[in-house]
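# Residue-level structural notes
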Amino acid sequence: MKRNIVVGVTGASGAVYARRLLEVLLAAGCDVHLSISPAAEAILRQELGLSVDLDRFDAASLRLDAGVDLRDEKLQRVRAMADSSRESSRAIASGASQGGVLRYHHHADLLAPIASGSFPTDGMVVCPCSAGTLSAIAQAASGNLIHRAAEVHLKERRKLILVPRETPLSLIQLDNMRRAAEAGAVVLPAMPAFYHGVASVQDLVDFIVAKICDQLQIPHDLIRRWGA
């Protein structure tokens, strides 16, 4: 069966990371359960010029390449690797050849499947992860579906990846990262490296998305590996 990955997009700068992550996950044949916070809606508009209606969501508003047109050579390689991976089941490979499915859940819908530990998932990513979202997760103070889904992943001991993009960091934020890490989350700050032959901003974005995919054990060829 296909892999279910939950993606929460919150109101930190770095919306480009979220959109690229969605493209790569869908190209890899993952079924993505997406929830977007109101603050993230504003950031998507400000940083990427995307008008996303959270109440009447239309996936086309995100302008994703995956599942529509794989002109992006990196996405083509992601899909090919998903198809040929020996670790993938036949069902996953079959799904990957068709691309994944994007399923949207409103941030206020606490009856959504991802709000329950009985709904099987293969991991969750909060990308980007705002300081407020980090705090809510670290303190188990669920105020929306993204917070609740993250809490579910922690209590069920499933992979939870938090991608904060903030600088400088206050002592409170650092402590919240520590608390989240101690609870089982992977804190993966959006800190791109420069050793992989950077020629564009896209290469820097792909570095972070590659790190996320590594944590989810999703095959990809987004970056040149160190020593390769």
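Report on the accompanying structure. (Residues numbered from 1 in each chain as written. Predicted model: local features only at pLDDT ≥ 70, side-chain atom pairs only at ≥ 80, totals over all residues. Heavy atoms only, no water.)

## Overview of the pattern of salt bridges
In total, this model carries twelve salt bridges according to the counting rule given. A salt bridge links D206 to K74; the nearest nitrogen and oxygen atoms lie 2.8 Å apart. Separated by 132 residues along the polypeptide, D206 in helix 8 (residues 201-216) and K74 in helix 3 (residues 73-84) bring together distant segments of the chain. Summarising the burial analysis for this pair, D206 and K74 share the class buried. K155 is the salt-bridge partner of E156, the closest N and O atoms lying 2.7 Å from each other. Assessed through its relative accessible area of 42%, K155 is described here as partly exposed. (Salt bridge = Lys/Arg side-chain N within 4 Å of Asp/Glu carboxyl O. Helix = DSSP H or I, 4+ residues; strand = E, 2+ residues; numbered from the N terminus. Buried < 20%, exposed > 50% of the residue type's maximum accessible area, 1.4 Å probe, protein only.)

## Looking at the pairing of strand 2 (residues 31-36)
Of all six residues in strand 2, six are buried; the element is thus mostly enclosed. The alternating pattern of strand 2 places D31, H33 and S35 and V32, L34 and I36 on opposite faces, both of which are buried. For the crossover that starts at strand 1 (residues 4-9), traverses helix 1 (residues 15-27) and ends in the parallel strand 2, the hand is right-handed. By the bridge criterion, three bridges tie strand 2 to strand 3 (residues 102-104) in an arrangement that is parallel. Opposite V32, over in strand 3, you have L102 as the bridge partner. (Right-handed = clockwise from strand over helix to strand, strands pointing away. Pairing = 2+ DSSP bridges.)

## Details of the side chain of T10
Summarising the element assignment, T10 is placed in the loop between strand 1 and helix 1. Here P128 takes part through its backbone oxygen, which lies 2.6 Å from a polar atom of the side chain of T10. (Polar contact = N/O pair within 3.5 Å; in protein donor to acceptor, adjacent residues only side chain to side chain.)

Purely geometric numbers; function is a separate question.
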